[in-house]
Amino acid sequence: MPISNDGIMVILSSPSGAGKTTLVNLLSNQDNFKVSISHTTRQPRPKEVPNKDYYFVNNDEFKRLIKNEEFLEYAKVFDNYYGTTRTPVINFLNEGKNVLFDIDWQGADQIKNKKLDYKLITFFILPPSKEILFKRLSNRDMKDKLIAEERMQQFERDVLHWINYDYVVVNDELNSCFTKIKNLINAELNNGSKDYDIDYIRSHVEKLTS
Ligand code: 5GP
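Everything numeric in this text was worked out from a predicted model, so none of it was measured.

**Let's talk about the pattern of salt bridges**
Taken as a whole and assessed by the stated rule, the structure comprises seven salt bridges. Here Arg64 and Glu61 are joined by a salt bridge, their closest N and O atoms 3.0 Å apart. Residue Arg64 and its partner Glu61 are located together in helix H2 (residues 59-67), separated by three residues, close to a single helical turn. In this structure, a network of salt bridges that share partners links the residues Arg42, Arg45 and Glu48.

Shown next as structure tokens:
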């Protein structure tokens, strides 16, 4: 629970396919957590709900928001722009609500460098192995296989950013990964002891990148 009356910021980043979106959904059901809704120039996917999953905007609108300095952070990810507008986030935090961000490492770096007056905890989620990641990314048809191969190459580059996060968590089993994140947030807020083994993470990253 927050030490002061302000909310805290929790960032979850991960290479594509590590199961981050499901974790964000689980965490958002926690008391007092609000998910920051990003703007994006990418096209909605079939099951996505506008203004809930994302604010879908065109390039001109995105550029206007940049020019008006409305973004707390923004970045280009896989050929599209994504960004977090400042006002809703700050309002939530001032109301004492915790804000959860599902953003990439570029956005996490930008928010970290802003050194805002709110507590920030950053998590990087990793898959259990490259083989499992490839399975998660692939579907049956050829087009998906090609996309999966591209995303695997992107994975090799993205994973290198693990070092800039407060915690790296391996998503081998959804519920245990969720519990680990929840416990680390509680330990951070209450100055409790943290169940975190950086040497294990370091060797896991070595395996994923070898
Ligand atoms: P997707 O298109 O699969 O929803 O998201 C692609 C990537 O963009 C994910 O890694 C996601 O975390 C990231 N992303 C989503 N919203 C934002 C945002 O507002 N800012 C940044 N920097 N990345 C974002």
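**A few points about the site of the ligand**
Around the ligand, the structure places 15 residues, and the nearest of them are Lys20, Ser38, Arg42, Tyr54 and Tyr82. Tyr54 is positioned such that a nitrogen or oxygen atom in its side chain is 2.6 Å from an oxygen atom of the ligand. Here Tyr82 contributes a side-chain N or O atom positioned 2.5 Å from an oxygen atom of the ligand. Protein burial of the ligand: of its 510 Å² of free accessible surface, 89% is covered by the chains. Where the shell around the ligand is concerned, the elements lending two or more residues are strand E5 (71-77) and strand E6 (80-85). Tallied by class, the residues present in the shell around the ligand amount to five nonpolar, four polar and six charged.

**So, the nonpolar core**
The biggest cluster of nonpolar side chains holds 26 residues, and the ones touching the most others in it are Phe101, Ile111 and Leu126. Each residue touching Phe101, except ones within four places of it in the same chain, is listed here: Met9, Val10, Ile11, Leu12, Ser36, Leu72, Thr84, Val89 and Ile111. Ranked by size, the runner-up nonpolar core spans 20 residues in total, among them Leu23, Val169, Phe178 and Leu184.

**Focus on the sheet that holds strand E7 (residues 98-102)**
Pairing within the open sheet is parallel, and its five strands lie in the order E2-E7-E1-E8-E9. The two strands at the open ends of the sheet, each matched to only one other strand, are strand E2 (33-35) and strand E9 (167-170). With strand direction ignored, the average angle separating the axes of adjacent strands in the sheet is 25°. Summarising the sheet, strand E1 (residues 9-13) and E7 pair through four bridges and their orientation is parallel. Note that in E7 the partner of Met9 across the bridge is Val99. Helix-sheet contacts for helix H1 (residues 20-28) involve E1, E2, E7 and strand E8 (120-126), and the interaxial angle to E7 is about 170°.

**Examining helix H4 (residues 105-114)**
Residues of H4 that are buried include every one of Gly107, Ala108 and Ile111, and no others. End-on view of H4: buried residues confined to an arc of 100°, all on one side of the axis. On its buried face, H4 is in contact with E1, E5, E7 and E8.

**Digging into H2**
Because an α-helix packs 3.6 residues into every turn, residues spaced three or four apart end up facing the same way. The residue sitting at the N-terminus of H2 and contributing the capping side-chain oxygen is Asn58; that oxygen lies 3.3 Å from the backbone nitrogen of Asp60. Two residues or fewer after H2 comes Glu69, characterised by a positive phi angle close to 55°.

**Some details on the environment of Gln106**
Mapped onto the elements, Gln106 comes out in helix H4. With 31 residues separating them in the primary sequence, Gln106 and Ala75 have C-alpha atoms 6.4 Å apart. Aside from chain neighbours lying at most four places away, what touches Gln106 is Ala75, Lys76 and Val77. A polar side-chain atom of Gln106 sits 3.0 Å from the main-chain carbonyl oxygen of Lys76. A polar contact is formed between the side chain of Gln106 and the side chain of Asp104, at a distance of 2.7 Å.

**Concerning unusual backbone geometry**
Of note, Asn51 is a non-glycine position whose phi angle comes to about 70°, a positive value. Mapped onto the elements, Asn51 comes out in the loop between strand E3 (38-40) and strand E4 (54-56). Notably, Asp79 is not glycine yet its phi reads approximately 70°, a positive angle. Its location among the elements puts Asp79 in the loop between E5 and E6. The exposure class of Asp79 is exposed, given its relative accessible area of 69%.

So, how was this worked out
- Residues numbered from 1 in each chain as written.
- Predicted model: local features only at pLDDT ≥ 70, side-chain atom pairs only at ≥ 80, totals over all residues.
- Heavy atoms only, no water.
- Salt bridge = Lys/Arg side-chain N within 4 Å of Asp/Glu carboxyl O.
- Helix = DSSP H or I, 4+ residues; strand = E, 2+ residues; numbered from the N terminus.
- Near = heavy atom within 4 Å.
- Polar contact = N/O pair within 3.5 Å; in protein donor to acceptor, adjacent residues only side chain to side chain.
- Areas by Shrake-Rupley, 256 points an atom, 1.4 Å probe, with all protein chains shown as cover.
- Nonpolar A, V, L, I, M, F, W, Y, C, P; charged D, E, K, R; others polar.
- Core = buried A, V, L, I, M, F, W, Y, C linked by side-chain atoms within 4.5 Å.
- Buried < 20%, exposed > 50% of the residue type's maximum accessible area, 1.4 Å probe, protein only.
- Contact = heavy atoms within 4.5 Å.
- Pairing = 2+ DSSP bridges.
- Axes fitted to C-alpha atoms, helices over the stretch in contact; angles between N-to-C directions.
- Arc of directions from axis to C-beta.

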